[in-house]
Amino acid sequence: MGSVLVIGAGWAGCAAALAAARRGAEVTLLERTDQLLGTGLVGGIYRNNGRLTALLEAEALGCGHLFEVMDQAARHKDVEFPGHSHAALYDVGQIEFLVRRHLLAAGVQVRTSARVTDVRIKEDRLTQVELGEAESITADIFVDTTGSAGGIHNCGRFGNGCAMCVIRCPSFGPRVSVAAKAGVLEIMGMRGEGRPGSMSGSCKLCKDSLDSALVKKLETNGVVVIPLPAVLRHAELENKACQQYNLPAFKENLVLLDTGHAKMMSSYFPLDLLQQIPGLSQARYVDPYAGGMGNSIRFTAVAPRDNRLKVDGLDNLFCAGEKAGFLVGHTEAVVTGSLAGFNAAAKSDGAKLLTLPDSLACGDIIAYSNPNRQKERPRMQRITFSGAEYFARMQKRGLYLTDRDTVQGLVKEAGLINIFSK
Ligand SMILES: Cc1cc2nc3c(=O)[nH]c(=O)nc-3n(C[C@H](O)[C@H](O)[C@H](O)COP(=O)(O)OP(=O)(O)OC[C@H]3O[C@@H](n4cnc5c(N)ncnc54)[C@H](O)[C@@H]3O)c2cc1C
């Protein structure tokens, strides 16, 4: 068995490292900040709409372990909010520790505060990555899961400036793409107003700064929907990274979800307006700190790849998560991360690589989000099991299934039961 080096420990990188380790590879996971999970540290919503199907498929395929970890940290299950059914919400304060423990138990070597700054290539193979001038690491196979959030220059050029988000570029240095460093020409997403990238779609409010009756309701139901008078309808839906929430209800109301903090489903909201909303007169932001002004810019750096998640032009580089397409979400990152990690380990072993069939939502979304299709489609769409364009496709193709036995049957029919665990 060879060695697999995974760079970037968001949900995609954690899933890739886990899948590669479970397939027997010697795996190291590098993360530039001091915590795992990247943007997953401020997310929390899963199992909503078509994400439930993906989760059931992952379970049947044998790569559902990280969803079990999410369930261990769940604050709420079966939450309904505008346009979304059967959502679960994990606690953003608990999840990192649980994931780290799970990866260590699976034998993954986890290194934080380890930022890749450059790569070396020989012909069409990556040979090593460099961590500043002090250290280089070699491996047989590499996985780029560095995401697409930030850095400051993108948030400045394409957004409202650095909003001091969880990515913490000033402290740890901005995101560096391994694929781009290896000479791959990345693809930039566009948004409604013709600008590159999109703006992250939610902020976290400190619960202690909110009215106690509001907090009680939020903690009981998992969700609070506050109708907004026209003068306070601030949300710019067309800018959002998460198009599954580009619904009028998210402009007409302030939607709060309980993920430990109060997750406000708006890209940003000027503080003086926010504080005019009943129950929020003393509201303050936890993430991003300048949530009154803006949020992180994402989807400026997607790598061309095939449906096995191997990056075009390089023989031993795979990718997953936001790096692998205009894919939004933890579930999407875990599904693609699992395939990339599994195939990285298979490649290190000289084994055949796996492609998931389009009879499964997980295979279909990987093919559908392939950035090489962008010639046929505009770069405006963001793709997620949970809404917008792709969820409509799932429904149309009969892929949106919520019954465990039916999903198991489909996976069995494809001959893929527990494939990731074999
Ligand atoms: C504010 C916000 C709220 C969100 N809420 C939700 C939600 O509730 N539910 C949901 O499903 N999705 C949500 N999302 C989207 C979701 O978090 C992402 O789409 C998904 O988790 C992306 O995972 P990823 O691993 O591809 O990328 P990322 O999470 O961006 O992880 C990439 C990681 O790579 C690291 N990295 C980058 N460069 C290097 C380098 N050179 N060396 C080492 N490490 C590097 C980064 O530090 C980071 O940890 C949210 C996103 C944001 C920003």
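Residues numbered from 1 in each chain as written. Predicted model: local features only at pLDDT ≥ 70, side-chain atom pairs only at ≥ 80, totals over all residues. Heavy atoms only, no water.

### What about unusual backbone geometry?
Look at the link from Gly150 to Gly151: it is a cis peptide, with omega at -10°. With an omega of -20°, the peptide bond between Asp287 and Pro288 qualifies as cis. Structurally, the position occupied by Pro288 is in the loop between strand E16 (285-287) and strand E17 (297-298). Phi at His86 takes a positive value of approximately 40°, unusual for a residue other than glycine. Mapped onto the fold, His86 is located in strand E5 (residues 84-90). Even without being a glycine, Phe299 presents a positive backbone phi close to 65°. Under the relative-accessibility criterion, Phe299 is labelled buried at 0%. (Helix = DSSP H or I, 4+ residues; strand = E, 2+ residues; numbered from the N terminus. Buried < 20%, exposed > 50% of the residue type's maximum accessible area, 1.4 Å probe, protein only.)

### A few points about the side chain of Ser369
Within the secondary structure, Ser369 sits in the loop between helix H12 (361-368) and helix H13 (388-396). Accessibility expressed as a relative area gives 1% for Ser369, which makes it buried. Within polar-contact distance, the side chain of Ser369 engages the backbone oxygen of Ile366 at 3.4 Å. Apart from residues lying up to four places away in sequence, Ser369 is in contact with Arg305, Ala324, Gly325, Leu327 and Ile383. (Polar contact = N/O pair within 3.5 Å; in protein donor to acceptor, adjacent residues only side chain to side chain. Contact = heavy atoms within 4.5 Å.)

### Let's talk about the site of the ligand
The environment of the ligand is formed by 38 residues, the closest being Glu31, Arg32, Thr39, Glu322 and His330. In the environment of the ligand, an oxygen atom lies 2.7 Å from a nitrogen or oxygen atom belonging to the side chain of Glu31. Within the side chain of Thr39, a nitrogen or oxygen atom sits 2.7 Å from an oxygen atom of the ligand. For the ligand, the accessible surface in isolation is 1,000 Å², of which the surrounding protein chains cover 97%. (Near = heavy atom within 4 Å. Areas by Shrake-Rupley, 256 points an atom, 1.4 Å probe, with all protein chains shown as cover.)

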